[in-house]
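# Examining the three-dimensional arrangement
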Amino acid sequence: MSATISAISHYLPPTIIENSYFENYLDTTNEWILKRTGITQRRFLLEGATSDMIVPAAKRCLEMRRIKPKEIDCIIVTTVTPDYSFPATACLVQDKLGCKNAWGFDISAACCGFLYGLITANAMVNSGAAKKVLLCGADKMTSILDLNDRSQAVIFGDGAGVCIVEQSDDPRLGIIDHVAHIDGSGGKYLRKEAGGSHLPPWHSAVKLEDHYIHQEGQAVYKNAVSEMSNAVLELMKRQRMKKNDITWFVPHQANMRIIKSVGEKIGLPDEKVVITIDKFGNTTSATIPTAISLLNEERKLRIGDNLILASFGGGFTWGSLLLKWNPYVK
Ligand code: COA
């Protein structure tokens with residue numbers, strides 16, 4: 001038995017923010033952003049919250065799969081920008097979509113959210129705890145970004161990616177294996193301190209600007225390159241895969257240079273490495289499902305294709321996953 005992605009879609013807000021936008025008010029240039037990050041533009045959600053990006057992507061997914069909302073029995077939302085501290089964004093999505101037979105919950109794993117969500121959904125389907133999981137990776141990063149800090153303002157964007165996870169018609173296809181790790185000692189390099197029980201969202205926290213992301217870019221960068229590569233190589237070794245067996249490498253999109261370095265460490269040619277960061281920046285939980293959804297829209301996925309997903313994020317959190325593409329279900 002194995003679980004698979006039976007439908008996948010994404011939503012990106014219509015407002016495009018070019019690099020020149022930041023040149024207008026920050027000490028930065030289009031050249032610097034392009035050279036150091038590979039980003040040319042990103043999308044900002046000007047009105048609404050994270051669930052407002054999930055809902056259109058989820059509706060499209062249900063249409064693709066030709067099922068009604070009531071057939072979804074579990075909703076998982078992975079995000080670090082939930083609409084509220086609670087109720088969980090999964091509850092809001094359940095209500096907005098009318099998934100009256102679903103339960104659900106949120107997962108907080110920063111840029112690894114979708115990967116951990118896929119591992120969780122796979123385990124639930126395989127155990128029989130759920131039949132059709134609506135897995136939503138979404139973040140409104142502009143709600144926690146310090147737009148006056150040039151080292152973070154330019155790299156993030158907003159977006160959502162949604163898929164349905166259910167039992168594959170062929171147990172040799174679908175979600176086959178994964179590697180997942182956390183290391184809490186890396187938490188200090190990428191965090192948002194205020195808003196939780198440690199530092200409630202009071203005036204004092206806002207004055208100290210602790211309600212924004214705090215990022216030490218170099219430390220995150222170095223760990224991202226080494227741990228994403230290690231996670232992929234560990235998975236390939238266990239699955240006895242050679243680099244030629246990989247059809248698509250779908251990495252989390254945090255920085256073009258990180259992606260290129262990881263691709264080189266695995267020994268992959270550029271054409272197998274999926275890139276979306278140039279147009280959308282880092283949308284945290286949404287990068288991987290958006291990339292897969294675009295591959296699917298562009299008809300670049302064939303049954304049995306080996307997709308290796310890999311991610312690294314705040315926590316630190318990281319991992320990899322082998323998905324043998326198959327949208328067909330029992
Ligand atoms: N425009 C111009 N200069 C900038 C800049 C910008 N947008 N952002 C940072 N700089 C400057 C720094 O202030 C620093 O200046 P200084 O030498 O005068 O102090 C200089 O560029 C080098 O800074 P550094 O942090 O070493 O740059 P970098 O090449 O590492 O790029 C990041 C910065 C943030 C793009 C990069 O470190 C990165 O992508 N890190 C990983 C982040 C990440 O993955 N986050 C999400 C987690 S998944």
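Cut-offs and rules
Residues numbered from 1 in each chain as written. Predicted model: local features only at pLDDT ≥ 70, side-chain atom pairs only at ≥ 80, totals over all residues. Heavy atoms only, no water. Helix = DSSP H or I, 4+ residues; strand = E, 2+ residues; numbered from the N terminus. Buried < 20%, exposed > 50% of the residue type's maximum accessible area, 1.4 Å probe, protein only. Polar contact = N/O pair within 3.5 Å; in protein donor to acceptor, adjacent residues only side chain to side chain. Contact = heavy atoms within 4.5 Å. Phe/Tyr/Trp six-rings, centres within 6.5 Å; stacked < 30°, edge-to-face > 60°. Pairing = 2+ DSSP bridges. Axes fitted to C-alpha atoms, helices over the stretch in contact; angles between N-to-C directions.

Bringing the side chain of N255 into the picture now. Along the chain, the position of N255 falls in the loop between β11 (248-251) and α9 (256-266). Given the relative accessible area of 9%, N255 is considered buried. In this structure the side chain of N255 is engaged in a polar contact, spanning 3.0 Å, whose partner is the backbone oxygen of R36. One polar contact links the side chain of N255 to the main-chain amide nitrogen of R257, over a distance of 2.8 Å. Contact partners of N255, with chain neighbours within four places excluded, come to R36, T37, Y221 and I277.

Our next topic: the packing of aromatic side chains. Under the counting rule described, the total for this entry stands at eight aromatic pairs. With centroids separated by 5.5 Å and ring planes inclined at 45°, the aromatic side chains of W103 and F105 adopt a geometry described as tilted. Taking relative accessible area as the criterion, W103 reaches 47% and is therefore assigned partly exposed. In this structure F105 comes out as partly exposed when scored by relative accessible area, which is 22%.

This part is about the sheet that holds strand β7 (residues 158-167). Pairing in this open sheet of five strands is mixed, and the strands run β1-β7-β6-β4-β5 from one edge to the other. The sheet terminates laterally at β1 (3-11) and β5 (103-107), the two strands that pair on one side only. Between one strand axis and the next, the sheet turns through 20° on average, direction left out of account. Of the strands in this sheet, β1, β6 (133-140) and β7 are in contact with helix α11 (residues 287-297), which crosses β1 at around 95°.

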